[in-house]
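# Chains, contacts and geometry: an overview
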Amino acid sequence: MKKQAAAAMGIVIVFFGILGIAYLLKNVNRDYTYRDYPLKYEQEVNAASRKYGVDKALVYAIIKTESNFDPDAQSHAGALGLMQFMPNTFEWLQTYYREDNDYVFEDLRDPAVGIDYGVQLLSILSEMYEVEDTMLCAYNGGLGNVDEWLQNPAYSDDGKHLKVVPFPETDNYRKLVAQNKSIYQKLYFD
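A brief report on the enclosed structure follows. (Residues numbered from 1 in each chain as written. Predicted model: local features only at pLDDT ≥ 70, side-chain atom pairs only at ≥ 80, totals over all residues. Heavy atoms only, no water.)

## Section: the nonpolar core
- The biggest cluster of nonpolar side chains holds 44 residues, and the ones touching the most others in it are Ile-62, Met-83, Phe-85 and Tyr-139.
- At eight residues, the largest contribution of residues to this core is made by helix 5 (residues 111-128).
- Setting aside chain neighbours within four positions, we find Phe-85 in contact with Gly-78, Ala-79, Leu-80, Phe-90, Leu-93, Phe-105, Leu-108, Gly-114, Tyr-117, Gly-118, Leu-121 and Tyr-139. (Core = buried A, V, L, I, M, F, W, Y, C linked by side-chain atoms within 4.5 Å. Buried < 20%, exposed > 50% of the residue type's maximum accessible area, 1.4 Å probe, protein only. Helix = DSSP H or I, 4+ residues; strand = E, 2+ residues; numbered from the N terminus. Contact = heavy atoms within 4.5 Å.)

## As for the pattern of salt bridges
- By the definition in use, this model includes ten salt bridges.
- Among the salt bridges present, the one from Lys-181 reaches Glu-132, with a minimum N-O distance of 3.0 Å. Note that Lys-181 is positioned in helix 8 (residues 168-189) and Glu-132 in helix 6 (residues 132-141), a separation of 49 residues in sequence.
- For the salt bridge of Arg-174 with Asp-133, the shortest nitrogen-to-oxygen distance reads 2.5 Å. With Arg-174 in helix 8 and Asp-133 in helix 6, this pair connects stretches of sequence that are 41 residues apart.
- Exposure remark for Arg-174: the relative accessible area of 12% places this residue in the buried category.
- Judged by relative accessible area, which is 25%, Asp-133 ranks as partly exposed.
- A cluster of three or more residues bridged by salt bridges with shared partners is formed by Asp-133, Asp-171, Arg-174 and Lys-175. (Salt bridge = Lys/Arg side-chain N within 4 Å of Asp/Glu carboxyl O.)

## Details of the packing of aromatic side chains
- The final tally for this structure, using the stated rule, is twelve aromatic pairs.
- Consider the rings of Phe-90 and Phe-105, whose centres lie 5.9 Å apart with planes at 65°: the pair is edge-to-face. Remark: Phe-105 occurs in the loop between helix 4 (87-97) and helix 5 and Phe-90 occurs in helix 4; sequence separation between them is 15 residues. Each member of the pair, Phe-90 as well as Phe-105, is classed as buried.
- Geometrically, the ring pair formed by Tyr-103 and Tyr-117 is edge-to-face, given 6.0 Å between the ring centres and 80° between the ring planes. In this pair, Tyr-103 sits in the loop between helix 4 and helix 5 while Tyr-117 sits in helix 5, placing the two residues 14 residues apart along the sequence.
- Of the residues examined, Tyr-103 reaches a relative accessible area of 33% and is grouped as partly exposed. (Phe/Tyr/Trp six-rings, centres within 6.5 Å; stacked < 30°, edge-to-face > 60°.)

## Concerning the layout of surface pockets
- The calculated volume of the largest pocket comes to roughly 510 Å³.
- Surrounding the largest pocket, 23 residues form its lining, Gln-84, Met-86, Tyr-139, Asn-140 and Glu-169 being those nearest its centre.
- Examining the composition of the lining of the largest pocket, we find that four residues originate from one element, helix 6, more than from any other. (1 Å grid on protein atoms, 1.4 Å probe; cavity = no way out; pocket = protein on both sides within 12 Å on 5 of 7 lines; lining within 4 Å. Points joined across faces, edges and corners; volume = space filled by probe spheres on them.)

## Description of helix 6
- Extensive coverage of helix 6 is indicated by the burial of seven of its ten residues.
- Those residues of helix 6 that sit buried are Thr-134, Met-135, Leu-136, Cys-137, Ala-138, Tyr-139 and Gly-141.
- In this structure, the buried residues of helix 6 make contact with helix 3 (56-67), helix 5, helix 7 (143-151) and helix 8.

## Quick look at unusual backbone geometry
- Unusually for a residue other than glycine, Asn-68 sits at a positive phi of about 50°.
- Here Asn-68 lies in the loop between helix 3 and helix 4.
- Accessibility expressed as a relative area gives 46% for Asn-68, which makes it partly exposed.
- The phi angle at Gln-84 is positive, at roughly 55°, despite the residue not being glycine.
- Here Gln-84 is to be found in the loop between helix 3 and helix 4.
- For Gln-84, a relative accessible area of 11% gives the class buried.

This is the structure we're talking about:
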């Protein structure tokens, strides 16, 4: 009888030990995920999201994808800042929508400026393209390219959704942003 009780007690100890290890692993994994998907620049993101009516999870996903939260990030193509603006896109927004300020391209390194401009651009693109996936392609691949793709039956059946994205970089980009947005949504906004 003592052997059976000792064996039962051993099983209980092993069972709770396994549960404890599983709990620790779950929390370590969760901490790792929160660390990899931070909410940096919260004040700037919250302000711009409210101002332009853009989902915060989307903004964080784009910043994560574009610069991994490095305000000094610069791409090989010359894009700059947290949300990776090209000079011509910055100039277009600057002259078309912001005639009352005197920012220069280097000011995109300032998180407040870069996030405000980036979220404003997302707002404009969301008005132009009803489908978020299409809007993401325009953010990465350019409006002119996306407009052409939407008119081509090889790429779009309805002029709104892209069934094929001919630029592999843009195709991968939209998928990565969607994945990052989903993670941010689950971690912080559900």
